[in-house]
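Architecture at a glance
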Amino acid sequence: MSYISPASLHYFWTNNYPCEALVEMLTRNGDPLKRFEFAFECQSMASGDTFMQRYNSFDSANELRDAMRARCKHSKILKLHIGACWNGIPRKVVKVDDPTTHDLDRLRPDRAPLRIDIDLTDYDQLGIDKDDIDANDLHWPILNLAIDVTKRALKDCFGMDEVACFYSGRRGVHIWVLDERAWQMDDEARATVIEFLSCPLDKRGVAKDGFLDRTPWYAELYDGLIRPRFVDMLENSDMDLFTTNAAVCRFEEMMKLTHPEIQHVFREIKMEPTTAVHQFTKLVGVVNAMATKHKSCAWMRNRLHAAVLTLVWPRFDKGASTKLNHLIKAPFSVHSSTCRIAVPLPDNLANFWPGDVPKLHSEDHEIQSAEGVLRDKLTALGVPKQW
């Protein structure tokens, strides 16, 4: 775990955090800043205790930065969280130190972007340790694919394409859907979108058979994006998806087929000193041949697809993604365990590697402002808005 000195953290929040660009993103659809909830996760300098200050609201980016500077006098800001846009001003109705004073008839969460949280540690079959930063970085191509799948689904199936993606700082990504229709969705509508995007799993944590049969769009996505990218991962990454005997055995267990021909090809794969791509292609060839030759074996192709989907289909944090008032870590926050900044991701994800993102080191008291990066990212969305 990396160490961030209090001086570095203080300088970052009080001088370099891109308040102006964050405010532009939140208010891009005409919502007044003062109706957004901001929450500070802090640590007391006196006692060392951590605490959350919710229901803050501000009239401007300057007022937000002034609030950061005021808090940094007595505590260390660990994270900044963003909530919903309310139908009133949170700070005027709710006392920050007494959340029981909600007047729900007058004040409630009203609208927010659809914010989708995808985390590598939710891919149970991969067995990634959340604290192993090297393992999380190694599996970045899976998150890369998850972003592409999610963005394509949002555009093709829901007509939403105003999307900004952010690296979480360690093992995940946050996708902010900024279309006006996304802001207007209630919890039920958000849950419906996430349910459509989610691949159902069985008790073993394996994708259920027949997911691709739900709609032709799923099958087209698998053939045009999922399968080619999976093969590319086998060929060009160091992830052990189908390389070692352990990985092949995991894939075999996920398919759970007892047919003699399938068991025979798995035995051959384990014994052959060849590439993962060659081994996987051989398995695909045998399964497709059996499914084509014998109609009674067509379901085996579904088992093969299910094993691939288990490893690479996006896994969504439904709690974070379906609740209008769920708090989410603000872009450009500092991750406490990696010192990495939660930066926006480029449109061409092939140019991004998590190990290259800016870090807040203990000796770095001056960090170049990231405001321009976020502003450029939002402009690149091609949205007809004036910044």
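The model shown is predicted, which means the values in this text are computed figures rather than measured ones.

Calculation notes
- Residues numbered from 1 in each chain as written.
- Predicted model: local features only at pLDDT ≥ 70, side-chain atom pairs only at ≥ 80, totals over all residues.
- Heavy atoms only, no water.
- Helix = DSSP H or I, 4+ residues; strand = E, 2+ residues; numbered from the N terminus.
- Buried < 20%, exposed > 50% of the residue type's maximum accessible area, 1.4 Å probe, protein only.
- Contact = heavy atoms within 4.5 Å.
- 1 Å grid on protein atoms, 1.4 Å probe; cavity = no way out; pocket = protein on both sides within 12 Å on 5 of 7 lines; lining within 4 Å.
- Points joined across faces, edges and corners; volume = space filled by probe spheres on them.
- Nonpolar A, V, L, I, M, F, W, Y, C, P; charged D, E, K, R; others polar.
- Expected span 1.5 Å × (residues − 1).
- Pairing = 2+ DSSP bridges.
- Axes fitted to C-alpha atoms, helices over the stretch in contact; angles between N-to-C directions.

Let's talk about the environment of Met-300
Relative to the helices and strands, Met-300 resides in helix H13 (residues 299–312). Here Met-300 falls in the buried class, since its relative accessible area comes to 2%. Distance in space between the C-alpha atoms of Met-300 and Asp-209 is 9.3 Å, their sequence separation being 91 residues. Apart from the residues within four sequence positions on either side, Met-300 is in contact with Met-255, Leu-257, His-259, Ile-262, Val-287 and Met-290.

A closer look at the layout of surface pockets
Size it by volume and the largest pocket reaches roughly 350 Å³. At the level of elements, strand E3 (75–86), strand E5 (114–119), strand E7 (172–177) and strand E8 (328–329) are the ones that each hand at least two residues to the lining of the largest pocket. Within the lining of the largest pocket, the residues separate by chemical class into three nonpolar, six polar and nine charged.

Here we look at helix H6 (residues 140–158)
Here H6 contains 19 residues, and its C-alpha end-to-end distance of 26 Å stays within 8% of the 27 Å for a straight helix at 1.5 Å per residue. Among all positions in H6, only Trp-140, Ile-142, Leu-143, Asn-144, Leu-145, Ala-146, Ile-147, Val-149, Thr-150, Ala-153 and Leu-154 are buried. Once H6 finishes, Gly-159 follows within two positions and takes phi at roughly 70 degrees, a positive value.

Details of the sheet that holds E7
In a beta sheet, neighbouring strands are held together by backbone hydrogen bonds and run either parallel or antiparallel to one another. With antiparallel pairing, three strands are arranged side by side in an open sheet as E5-E7-E6. Both outer strands of the open sheet, E5 and strand E6 (163–167), are each paired with one neighbouring strand and no more. Strand-to-strand, the axes of this sheet are offset by a mean angle of 20 degrees, without reference to chain direction. As paired strands, E6 and E7 are joined by five bridges and run antiparallel to one another. Residue Tyr-167 lies in a different strand from E7, and its bridge partner there is Val-173. Lying over the sheet, H6 contacts E5, E6 and E7, oriented at roughly 15 degrees with respect to E7.

By themselves, these are just geometric observations and shouldn't be taken as functional.
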